Every structure is written in structure tokens, then in C-alpha cells.
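Architecture and fold: a report
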Amino acid sequence: MKKKTNSRSSGIKHSSSTGSKRRNVSLYSNLARNRRSKKDIAARKRAEYLATLPKQPLKRLIYRLHPKRVIHYWFSKDGLKMALKIVGGGILALALLIGGLFAYYRKDLDAIQPGQIDKRVQSTVTRYLDRNGKLLWEDKGTGNYTLVVKSDQISNYVKEATVAIEDKNFYNHGGISITGILRAGIADLSGQPVQGGSTLTQQLVKQVFFASQANQRGLSGIPRKIKEMILAVEVEGIYNKDQILTMYLNESPYGGRRNGIESAAETYFHKHAKDLTLAESALLAAIPNNPSIYDPYISAGNQALIDRQHKVLDDMVQMHDITQAQADQAKAVPILNDIFPPENSSADKLAPHFVDMVKQQLDQELGPAVMGQGGLTVTTTLDYTMQQYLEGAVNDMFDAKLGTNLCGRIGCPAYSGFRNAAGALEDTQTGQLLALVGSKGYDTPGYGQDNAATAYIQPGSSIKPLVYAQLFQKQPDGKPNWGAGSILSDVKTTFGGDYTPNNADDAFLGNITIREALDRSRNIPAIKAMQIAGLQPTWNTIHAMGDTGYCTRSGEVDAGLSSAIGSCGVKLVNHVNAMASLGRMGAYIPQSTILSVTNSSGQTLLKYTPATPKQVVDPQAAYIVNDILSDSNMRAKLLTHLPSHNIDATGLRVAIKTGTSDISIGGKPYSKDLWTIGYTPSLSMAVWTGNPDNTPLTVGRGYSIIPMYIVDQVIVQATQRYKDEGKLGPAFWTKPAGIQTINGDIYPSYFNKSNAPTNETMQFDRVSKMKATACTPPAAIDQQNVLKILDPSTGKATYTAPAGYDPNSNDNVHSCSDTKPTVTLSVSGTTATVDYTQGTFPLQTLQVSVDGNVVSNQTISGNGQTTVQLSIDKTTQHTIVATVTDSGYYQASGQATVSGGKN
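Rules of the game
Residue numbers restart at each chain and count upward from 1, following the sequence in its written direction. At least 70 in pLDDT is required for a residue's local features to be given in this predicted model, at least 80 for side-chain atom pairs to be given and counted, and no such filter applies to totals for whole chains, interfaces and linings, which use all residues. Side-chain measures here rest on the full set of heavy atoms in the structure, leaving out hydrogens and waters. Here the nonpolar core consists of buried residues drawn from Ala, Val, Leu, Ile, Met, Phe, Trp, Tyr and Cys, with membership extended through side-chain atoms lying within 4.5 Å. For the exposure calls, accessible area comes from a 1.4 Å probe over protein chains only, and a residue counts as buried if that area is under 20% of its type's maximum, exposed if over 50%, partly exposed in between. Think of it this way: any DSSP run of H or I at least four residues long counts as a helix, any run of E at least two long counts as a strand, and we number them from the N terminus. We call two residues in contact whenever any of their non-hydrogen atoms come within 4.5 Å of each other. Residues form patches when they are more than 30% accessible in relative terms and have no salt bridge. Like charges link within 9 Å. Nonpolar side chains (Val, Leu, Ile, Met, Phe, Trp, Tyr) link within 5 Å. Areas reported here follow the Shrake-Rupley algorithm with a probe of radius 1.4 Å; residue values treat only the protein chains shown as occluding. Salt bridge criterion: a side-chain nitrogen from Lys or Arg within 4 Å of a carboxyl oxygen from Asp or Glu. A residue counts as positive if it is Lys or Arg and as negative if it is Asp or Glu; His and the chain ends are not included. A charge is said to be at NZ when it belongs to Lys, at CZ for Arg, at CG for Asp and at CD for Glu. The axes are straight lines fitted to the C-alpha atoms, using for helices just the contacting stretch, and the angles between their N-to-C directions are given from 0 to 180°. Comment on the angle field: the value is read as roughly parallel under 35 degrees, roughly antiparallel over 145, roughly perpendicular from 65 to 115, and oblique elsewhere. For two strands to count as paired, DSSP must find a minimum of two bridges between them. In this scheme Phe, Tyr and Trp rings, the latter by its six-membered ring, pair at centre separations within 6.5 Å, and the angle between planes marks the pair as stacked below 30 degrees, edge-to-face above 60, and tilted otherwise. Charges are assigned to positions over rings by a cutoff of 6 Å between ring centre and Lys NZ or Arg CZ, combined with an angular limit of 35 degrees from the ring normal. Here, the term disulfide refers to a pair of cysteine sulfur atoms separated by no more than 2.5 Å.

1. With respect to the nonpolar core
- Counting residues in hydrophobic clusters, the biggest one holds 82 residues, and the most contacted among them are Y128, L362, Y468, F472, L582 and Y679.
- The element best represented in this core is helix α26 (residues 619–629), accounting for seven residues.
- Residues contacting L362, with those up to four places away along its chain left out, are Y128, G367, M371, V378, I594, V597 and L606.
- Among the nonpolar cores identified, the runner-up in size contains 51 residues, and V149, V205, L245 and L278 belong to it.

The following block contains the structure:
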């Protein structure tokens, strides 16, 4: 039973499968039969149709092209099928063509990287800032420039106006607009004015990647257009709409050299893009369509610009961005009256010589490629407030507001005959330059833009502090050391060959201390100081302290000992740093002008890092120089018109040194450069005045204290600013360990006390003021305290005596062979008779005394006799003395005794 059931079941299944196959075969047969039947019917109809046509081919063609038959065919079922086939084939062919073209041109775009377009839309303007963020200058280069800002720094009016006039469908398309392309094509074919079919995204792509091909039109422009569309689609897939619009606004041209909405806002309206009004935004949005025509500075296109601005406002109304009332109000604004005139980039440059110097430095450090790209933010060390102090003082000098107590109401420039000035202010401890003036005025014709602060100019006596700094250092074994109280004789000296220099006053002060020699700017001691310390070692120290170019240029390397008084050239910016090295107690730090440099991507290219100070001069040596130069009492002996009223009033103790350099004309020296340097532990300063062509100053009026008026004013103002900011250092330098005080002056620890001055008593002749001799009359002896100093260079003792006394010469008035005066005295009763005779010197006085009490003083001369009435008691004994004294202080006396009223 089971097997039968299975067999039956198996048989049923087989029969069903066979039936299904038969039905499928029957279905396929029916379809094939129907297809053949339709083909046969179509073939029969076509044959019947052809049979009705003329047999001759030409007649047949004419017959078939009859309008009625053509119209009938295309509106028939067969015609409709054929039309659909043609359209479908055309679409397929067009798609294949476009796809092929896109694929062909896409391979050329691999290197463009649309995902990096935001990095291509960057500022090209380099901005120079002071240390507090004050804008000093925007370097826009010589070509087109771009200022880039973020989206939130752009007014919404600008965004809406731009979309309304340039790409109304911006927020709806994916980078390209088919309707826009068709509209532009139809307009071109119909001869209507050219219309742009590019979206904002396409325009952005063109401006960034294809700016050099933008003028290609017609067939030659098709490849660019295809590439634009490809990249526009890709850009839309990477960035959102606001990012794309922001990049477009930052890249678009706005007339002239100005690219970017921020540059347009700053140029035309002197404001930032975020602060633009509706009227201003609409005007600027009108420009990119044709910036050469719509440039506000081109008056011929002003009406067209206003017309387009009105169209922008109308389009914004249509876009429902603003109301009609807002548009009408904006149209009523006389917007062109609000346009600022074109700016002079040089006139807008603050601290121009400083900025030029920094730019030149960056050209060397970053290279022309980086600087040429622009887009840098350069934060400098300059403090613009202090820059204003320095510029103000220089202006005051040339406006006859400074130095009138010395130069009179005409002012020092006219009085002394100089036309130019330069100055620099530096932070002593960091070496950062805070202010710099390179000329009388940047706009001065002829030489205003020349930076005298970086030119080589002879410093005159302002180099002497560095010379003495080397002398005060510990000398090699066997050589004596020096201090402020050491003696360097100021006497006429020939230093090899025929070099016999003079002092500025053509006088010599003899044995004077270094303190007095430096403070009073004596030339001879300074030259001796370099001679003792060594020419090359002194030059090495000067270079290492900051005056790197001193005596290194052609024509100066053989300057010799004259370099001790400033015969070589220095740059003022270097000179102020060399003095700051003294202010740093002998430590050198490179001068710096830049705090940081960042590019438009925010990458830091340069950053200030404090340099490690290099100890060049022993701190004790630097301290002694600083102490001498800040000795205002000693300096007053030289500067009778010392203009330190501001410094004195504030209690500042400033190290100050002046300098004058000369030019030889006809063998005679004439002053040409005037210097003053001044420094404290916090601030260092140098000022120069002179002429740009090295012409000499007015004869007899080249006072080196003239630049001091500028130093006096500025360093007080700058010190107060530092005090207000909490940056002010100590009032004076801390005395280094080891400094000795010997007989009231200071010496380094390595100074040998046996060479120190000692106080002694010396006898002088009252007449000659020289040392008394054995022939000097006792009455002419004058006892004075003198300072005995052992000259380290010679080992000989020298003496310093009170003013007017010569401790180094003997009495040359008296001689042991001089004839002394004589006198005889006789007394009769109460009458004394005196007879006197003159010796070598004229008689001057006669003195009569009774018992030691002077009863008569008379002036006498020559030989003679005189009587004196005495008031005496005749009953007692008295001693009468008559003494004559001549002009040589020789004396002679006569004596008589009177007793009991008898002779």
C-alpha cells in the first residue's frame, strides 16, 4: 500500500510538471506568432503604401515631402513613435556627450582641490600693528589686494543684497542653474544684452581658480565653463551656503585694486563691513558685476552705479528681504557724498620709518615669496603712544617750542643751522624698540623718507662711554686698573705721527680724574683711555655692545685712536642698543622690532623669544660708567644751559652723554652732527640732529646739548607711562659687589688701593699759586689740602689741588737773590718816625703796633718816611714795631722801646 501510494504520488507530480512546460511553450508560441503577425501586417501595409507611390525616385521623394503628408505622418501614431525615438536618442547622445566632456575635463582638475578653496580665499594685505594692537599700516602691495573677514563680520544687508542682484536662486541650486544657463543662451542667440548664467558658486570658482582665463569668451571659453560647473558642484558638496557666500564676498572685486567687501567698506566708507548700512550695502553689492564701470572713484560711471544700486534695492524688495519703504529710504540717501576720497598709503602709515625698517627685515627673514603673498599680521615692539611722544618732541624742536632758552625764539634749527633729526627709544632690559623717528618728517621733500636712524653717522663724543667701559675692565696681568677717580692728564699730546688733537674749547685742564674727563667730554683723556686699553680690544667691545659697524666700513678701518672721539660712523638704532647694554650692566641683547608674524591661515611664522643676555663688559665697569654719566653736578660744569628741567623735576637719575662730530673745510673743523644719548635701567634713548647732506652747522652754534631738549622731554613722558603700566624698573642701578669707594670716588674690586688717591698738605706761594720753595718768603706760604694720585700708566705721583693752584710747578715769582725791603724806626715822645726803602718788589703796606696791638695800617709805595702819633702812657715801658710788606710778601721790621716817658 505504501509503495503504491508513493508511486501514485510520484506519478501525479510528474504529470503536473509536464503540463506546466506545455503551457509555457504554448505562451511563447502565441507571442511569437502575434509578433510575426504584426510584422506581416506592417510589412503588408508598407508594401501597399509604397505601391501607391510614384515609381520614379525623385517624384517619389517629392510626393512624400508634401506638407500635408508630412503633417499627417508626424501626427499619426507612427510619427509620434518616431519622434519619441529621436528625442530619446538625442537625450541619450547628449547625456553621453556631456558625461564624456565632464570626464575629459575632470582629469585636468585633480590638482585644483576644491576642498581647499577656503585656503585660497585669504587676505593679501599685510597688517603692521604696534605692541598693543594699534594698526600702523596696511601694506596692500602694488597690485590687487584682498581683505578677508569672517561671516559674522559682514552685514546681513550685504549678503542679502548680493544674493538678490547676483543669484536669486542661490539657496536652492546645487552649484549650477540650468535655467540660468538656458536663459543666458537664449539671450545670446536672440541678440539681447549679454546675461550671466553663472551662479555665485561658479563665480567664486572662476575668481579663485580661473581668474587668468576669465576674459575667454565664445568657443574658447567653453572648457573653462565646464570646469567651473564641475568644481561648483563639488564645492557645494563640501561647504554650506553661508561659507560659500562669505568666500564670494571676500574674493569679489569692488573697483580699483580692492578685492573683498571689507577692503571696499574700509576704503569707501572708512568702516568695517559689519557696520555697513542698507544704502551702503546696496551700493557695494552693485559693483562686482562690472567693477571697472561701477568704481565709485570713476565719476563717468556714477549714474550707472546709482541706477544699479536702485535695482539692487528693488530686487531685495522682491526677495522680501526689505520693505518698499526701506528701499525708498535707502534710495533717498545721497550715498556718493558719503564716499571718502582715495587714500595715500604713505600718508596713512604710522611710524613710517619704523614700519619700513620692519618690512625690510621681513623681506630678508621670510623671503620675497612669503612677503609677496601678503596676508600677514605683523605685531611689532613699537608702542605708538611712546612714538607720539618722540614725534611730538621732534615736531616741537622744528616748531621752535624747545630750546628757546638757548637758541632764542627763532628756534634751534634756524639758530644752529640743521634741517633734520632722528631718534629712537628702546626698552633697556629687553632690547625691544619702542619708538623711532627717521627724519624731520616722512613727507619732507627730498629726504623725508630716508631713514637717518639707519644711516652711518659719526657719533662724536657719545662713543666715549664705551671707550671708558673697556678701560674700567680688569686689565691683563701686569697692567694697572682704573676707576672713576683715576687721573688721565688733559694736556696737549701727540699720539704718534702728527696726530695732535685738541679739545672742543682748545684748552687743557691738566691732571683731572676720569669722572671729570668723561662728564666734561675732554678728548685727550678719552684718546689716552683707548691707547691704554688697546685699539682693537676697545673696538671689539664697542662691536660686542651693539655698535656692530663701528670702524668696519671702507675708509674707517684705519681710523686709529681718533675713533676714541667718534671719527667712525654708527647707526643710531645700533647706538641706542649699545648704550642700553651699559644700562643692562654690560650685557648685550640683540635689538628686536617684531613680536610675532602670523599668516592668513593663523600659522605663526615668527615669534619673539627673549634672548639670553651676553655679558660683554664687567658689571663693575658698566656701573662706574653709569655712575659718572648720571652725575648731574659734574656734568653741569660743561652744560651751562643744561635742559634737564623735566628730568630734575621728576627726580630721575639719567645717564647722559652728548656728542659732536666735525667736518673739515679748508683745514678747519666745523660742527655737523649733534648727539645726545640718555638711559636708565628701564629706558634708553638716542637723538641726532644735523643735515641730510652733511653740510656744516652755523659756526659757533653747534651746541651738542640741543638734542638733549628732546631726550629731556621724551624720557620723562616714557618713564611716566612705564610707571603707570607697572613696568618701571629701579630708579638706579644696584651697585655690584666689590665696588670700592676710595677718597670719595668709586673703583672696581680689582683696583689696587695703593694706587688710590690720598690727601696731603702742600705749601703754595700766594703770589704765583705754585708750590713754595726755599726762596718763597714765609709770609707768602699758603697751606692747601691736595689729592695725591699715583698715575697707573706711569707710576708717577700726580696731585690735584684746589682751583687756581698748580701743584706740579714751583714758585717762579720769588728768587733767593731778591732784594728785601728795609725799615728804620725812631720814637720821640708820642711820635714814631718810620723810614723805609723798597726792595725787588713794590712796597704795599706799613703796619705800626704798640705792645702787639696794631695802631696804624697804611698803604705805601717806593722809598719814603712817615710819622705816626702814638697814644701811650709815658710812665710805663712800651715796645713799638713798624713792619713793611711788599707785593712779593717780603717783610722788614724796625723796633723801638719806650720806657718811663724817655726814648
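2. Details of a positive patch on the surface
- Side chains of R33, R35, R36, K38, K39, R44, K45, K77, K81 and K85 sit close together on the surface and give a patch of like positive charge.
- Contributing elements (two or more residues each) for the positive patch: α1 (2–51) and α4 (77–106).
- By residue number, the principal contributor to the positive patch is α1, which donates seven residues.
- Along the chain, the position of K39 falls in helix α1.

3. Notes on the packing of helix α6 (residues 156–166) against helix α10 (residues 241–251)
- It is the contact of α6 with α10, at a shortest axis distance of 11 Å, that shows an interaxial angle of 90 degrees. As judged from the angle between their axes, α6 and α10 are roughly perpendicular. Residues V158, K159, T162, V163 and E166 of α6 form the contact with α10, whose participating residues are D242, L245, Y248 and L249.

4. Overview of the sheet that holds strand β14 (residues 604–607)
- Pairing is mixed across the open sheet formed by five strands, whose spatial order is β2-β1-β5-β13-β14. Each having just a single partner strand, β2 (135–139) and β14 make up the two edges of the open sheet. Adjacent strand axes in the sheet meet at a mean angle of 10 degrees, parallel and antiparallel pairs treated alike.
- Those strands touched by helix α16 (residues 352–366) are β1 (126–129), β2, β5 (377–380), β13 (594–598) and β14, and its axis lies near 60 degrees from that of β13.

5. Thoughts on the sheet that holds strand β27 (residues 831–837)
- Taken together, three strands build an open sheet; the order of strands is β26-β27-β30 and the sheet is antiparallel. Two strands lie at the open edges of the sheet, namely β26 (822–828) and β30 (864–869), each paired on one side alone. For this sheet, the mean angle separating the axes of adjacent strands, direction not counted, is 20 degrees.
- Here seven bridges tie β26 to β27, and the two strands are oriented antiparallel to one another. Following the sheet pairing, S826 is matched in β27 by T833.

6. Description of the packing of aromatic side chains
- Tallied over the full model, the rule gives 13 aromatic pairs.
- With a centroid separation of 5.0 Å and 75 degrees between ring planes, the pair formed by F170 and Y171 is classed as edge-to-face.
- Grouped by ring-pair contacts, the aromatic residues Y623, Y679, F732 and W733 constitute a single cluster.
- The residue whose ring lies beneath K349 is W137, and the NZ or CZ to ring-centre distance is 4.2 Å.
- Above the plane of the ring of F732 lies R653, whose end atom (NZ or CZ) is 3.8 Å from the centre.

7. Quick notes on helix α8 (residues 200–209)
- With respect to burial, α8 is a largely interior element, nine of its 10 residues being buried.
- Of all the residues in α8, the buried ones are L200, T201, Q202, Q203, L204, V205, Q207, V208 and F209.

8. As for the state of the cysteines
- Enumeration over the complete set of coordinates arrives at three disulfides.
- Here C407 connects covalently by a disulfide to C412, the sulfurs 2.1 Å from one another. Judged by the sign of its S-S torsion, about 90 degrees, the cystine formed by C407 and C412 is right-handed.
- With its sulfur 1.5 Å from that of its partner, C775 forms a disulfide with C816. Classification of the bridge connecting C775 and C816 rests on its S-S torsion, roughly -80 degrees, and on that basis the disulfide is left-handed. One end of the pair, C775, is in the loop between β22 (770–771) and β23 (781–790); the other, C816, is in the loop between β25 (806–810) and β26, with 41 residues separating them in the sequence.
- With relative accessibility at 19%, the residue C775 sits in the buried group.
- Cysteine pairing in the protein chain follows 1-2, 3-4, 5-6, where each cysteine in a disulfide is numbered by its order in the sequence.

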